[in-house]
Amino acid sequence: MRALHRPLAPRDPTEEHRSATPLELFFDLVFVVAVASAAAELHHGLAEDHPIAVLGFVMTFIAIWWAWMNFTWFASAYDPDDVGYRLLAFVIMTGSLMLAAGVPGFFEDGQSALVVAGYAVMRLAMVALWLRAAAGHPERRDTCLTYAAGIAAVQVLWVARLALDGPEVLVPTFFVLMALEALVPYVAERRGRTPYHPEHIAERYGLFTIIVLGEVVLSTVLAVQGALETDYLTGLVPLVAGALLVVFSSWWLYFRRGHAELFAAGRIEAVVAVGYGHLFLFGSIAATGAGLAVAVDVVTHHAHTTSAAAGWSVAVPFGVFLAALGLIDAASEAARWIVVETGVLVVVVLAVTAGAIAIDLPVGVVVLLLGLVGAGGVAQHLVVDTRAARLAT
């Protein structure tokens, strides 16, 4: 029988076989709805040749990621799995769906009462969780109360921001408030670090990576489905092949090594770099999916942008993904060589795209070439691993 209430005591950071719970998996799936909503708006904006949509995507994705990351780290430290905890998790999921519903309006003018309401619901539920943790973990009571007070104070400012109007004010105030959000854990953790399980955190990040990659596959398939009854199959074949190679190589390169050791690093700077660095990794994956959908629209003549713009809408986020992955791996002394490998891949991605566009290759071929670059990165990784294994024996 599920307990109605348990003391929210800290979890053991050395607990063996700690893995993601069904609730956490469900949580991730719900949050990807918000990610998909932001990616869909980015797709439509780029397809209509409105590059300002990139800014809307960045702002929306930061808010989604921040709420996801805060709950993820909290759950690694405190997870009684009682009824009250589950209900608060459901409240946060509800807030993410509210945010997702308000994304189109947010993209239009940078302001949405529904987005702010959804975000506030998520964050105020976190306040309740931190208050429970303060009661159940006396040794970190000051830390937990600082989290609760800081989050609540910033939410007041988010609500007050609804009175503002105009992009010249809304954009800078958004980033100022997000900076204040980021300041809360910095101040709180100085009062005593909360426990977390490195292997559990690494698994949570890995699972969210897989789910976002799945969203990319889904958005691409849906875009292609709408074009199957047209006369553009010849142009779609290389595009679909390239899209699959981009997704498969992204998965392979991310999981070429475990990340638990990075989260277990003794240096807090390394842990922060890895945890926060995933913002660029998750966001670039979602943006790559939007770019692939734009490429499909260009091939089927449903877009109001150029083939060159569509090619760059895939190449740039794919390059950002590779760069972010290299910087994350750079946190480990043993993996510094990966930085050089991914750096070369980023240069090749940009050079291949520029060259293909310069000679006016179809966007489907451009995407195929990008997929082949990703596959080449995987092949190079396998060669290095094979040589290392031979030397070890």
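Residues numbered from 1 in each chain as written. Predicted model: local features only at pLDDT ≥ 70, side-chain atom pairs only at ≥ 80, totals over all residues. Heavy atoms only, no water.

S.K.: Just give me the short version of the overall build of the chain, but keep the residues and values in it.
M.R.: Along the chain, the regular secondary structure elements total 13 helices and zero strands. Here the C-alpha radius of gyration of the chain, 22 Å, is about what a compact globule of 393 residues would show, namely 21 Å. Structurally, the chain occupies a C-alpha span of about 65 × 65 × 40 Å along its principal axes. Counting over 393 residues, the chain shows a buried share of 52%. (Helix = DSSP H or I, 4+ residues; strand = E, 2+ residues; numbered from the N terminus. Rg over C-alpha atoms; globule rule 2.2 N^0.38 Å. Buried < 20%, exposed > 50% of the residue type's maximum accessible area, 1.4 Å probe, protein only.)

S.K.: So, the side chain of Asp 82: which residues are in play, and what are the values?
M.R.: Mapped onto the secondary structure, Asp 82 falls in the loop between helix H2 (53–77) and helix H3 (83–109). Taking the relative accessible area as the measure of exposure, Asp 82 reaches 0% and is therefore buried. In this structure the side chain of Asp 82 is engaged in a polar contact, spanning 2.8 Å, whose partner is the backbone nitrogen of Tyr 85. (Polar contact = N/O pair within 3.5 Å; in protein donor to acceptor, adjacent residues only side chain to side chain.)

S.K.: Help me get a handle on a negative patch on the surface, residues and values and all.
M.R.: Together, Glu 108, Asp 109, Asp 165 and Glu 168 give the surface a local cluster of negative charge. Secondary-structure assignment places Glu 108 in helix H3. (Patch = residues over 30% accessible without salt bridge, like charges linked within 9 Å, V, L, I, M, F, W, Y side chains within 5 Å. Areas by Shrake-Rupley, 256 points an atom, 1.4 Å probe, with all protein chains shown as cover. Salt bridge = Lys/Arg side-chain N within 4 Å of Asp/Glu carboxyl O. Lys, Arg positive; Asp, Glu negative; His and termini not counted. Charge placed at Lys NZ, Arg CZ, Asp CG, Glu CD.)

S.K.: Which residues make up the packing of helix H8 (residues 233–254) against helix H11 (residues 307–329), and what are the values?
M.R.: One can describe the packing of H8 onto H11 by two numbers: an axis separation of 11 Å at closest approach and a directional angle of 10 degrees. By the angle class used here, H8 and H11 are roughly parallel. Contacts between H8 and H11 involve Val 246, Ser 249, Ser 250, Leu 253 and Tyr 254 from the first element and Phe 318, Phe 321, Leu 322 and Leu 325 from the second. Tallied by class, the residues present in the contact of H8 with H11 amount to seven nonpolar, two polar and no charged. (Axes fitted to C-alpha atoms, helices over the stretch in contact; angles between N-to-C directions. Parallel < 35°, antiparallel > 145°, perpendicular 65-115°, else oblique. Contact = heavy atoms within 4.5 Å. Nonpolar A, V, L, I, M, F, W, Y, C, P; charged D, E, K, R; others polar.)

S.K.: Run through the nonpolar core, naming residues and quoting values.
M.R.: Phe 31, Phe 71, Phe 74, Ile 92, Trp 130 and Leu 281 are the most contacted members of the largest nonpolar core, which totals 119 residues. No other element matches the 17 residues that helix H10 (residues 268–299) contributes to this core. (Core = buried A, V, L, I, M, F, W, Y, C linked by side-chain atoms within 4.5 Å.)

S.K.: So what's going on with the pattern of salt bridges? Which residues, and what values?
M.R.: Here the idea is simple: oppositely charged side chains can pair when their charged atoms come close. Throughout the structure, instances matching the rule amount to six salt bridges. For Arg 204, the salt bridge goes to Asp 28, with nearest N and O atoms at 2.7 Å. Residue Arg 204 is found in helix H7 (residues 198–225), and its partner Asp 28 is found in helix H1 (residues 22–47); the two are separated by 176 residues along the sequence. Across this residue pair, the class does not change: Arg 204 and Asp 28 are buried. Across the salt bridge formed by Glu 341 and Arg 256, the nearest N and O atoms sit 2.8 Å from each other. Of this pair, Glu 341 sits in helix H12 (residues 336–358) while Arg 256 sits in the loop between H8 and helix H9 (260–263), and the two are 85 residues apart along the sequence. Take Glu 341 and Arg 256: they sit in the same class, and that class is buried.

S.K.: Give a detailed account of the packing of aromatic side chains, specifying residues and quantitative values.
M.R.: One pass over the full model with this rule turns up 26 aromatic pairs. Both rings, one in Trp 73 and one in Tyr 196, keep their centres 4.8 Å apart while their planes meet at 65 degrees; by these two values the pair is edge-to-face. Separated by 123 residues along the polypeptide, Trp 73 in helix H2 and Tyr 196 in the loop between helix H6 (167–189) and H7 bring together distant segments of the chain. Overall, the relative accessible area of 12% leaves Tyr 196 in the buried class. (Phe/Tyr/Trp six-rings, centres within 6.5 Å; stacked < 30°, edge-to-face > 60°.)

S.K.: Can you lay out the confidence of the model for the chain for me, pointing to particular residues and giving the numbers?
M.R.: Mean pLDDT over the chain works out to 89, with 93% of the residues at or above the 70 mark. Looking across the chain, the model is least confident in H9, with a mean pLDDT of 72, and most confident in helix H5 (residues 141–161), with 96. (pLDDT = per-residue confidence, 0-100.)

S.K.: Which residues make up the packing of H1 against H3, and what values do they have?
M.R.: Interaxial distance between H1 and H3 falls to 8 Å at its minimum, and their mutual angle equals 5 degrees. In this view, H1 runs roughly parallel relative to H3, as classed from their interaxial angle. Of the residues in H3, those touching H1 at Leu 23, Phe 26, Phe 27, Val 30, Phe 31, Val 33, Ala 34, Ser 37, Ala 38, Glu 41 and Leu 42 are Tyr 85, Arg 86, Ala 89, Phe 90, Ile 92, Met 93, Ser 96, Leu 97, Ala 100, Val 103, Pro 104 and Phe 107. For the contact of H1 with H3, the class distribution of residues is 19 nonpolar, two polar and two charged.

S.K.: Which residues make up a nonpolar patch on the surface, and what are the values?
M.R.: On the surface, a cluster of nonpolar side chains totalling about 510 Å² of accessible area is made up of Leu 157, Val 176, Leu 180, Leu 183, Tyr 186 and Val 187. At five residues, the largest contribution of residues to the nonpolar patch is made by H6.

S.K.: Outline the environment of His 17, supporting the account with residue identities and numerical values.
M.R.: When you line up the elements, His 17 lands in the segment before H1. The exposure class of His 17 is exposed, given its relative accessible area of 74%. Separated by 182 residues in the primary sequence, His 17 and Glu 199 place their C-alpha atoms 8.7 Å from one another.

S.K.: With reference to specific residues and values, describe H8.
M.R.: With 22 residues, H8 should reach 32 Å at 1.5 Å per residue; the first-to-last C-alpha distance of 31 Å fits that figure. Taken residue by residue, H8 has Leu 236, Pro 238, Leu 239, Gly 242, Ala 243, Val 246, Val 247, Ser 249, Ser 250, Leu 253 and Tyr 254 as its buried positions. (Expected span 1.5 Å × (residues − 1).)

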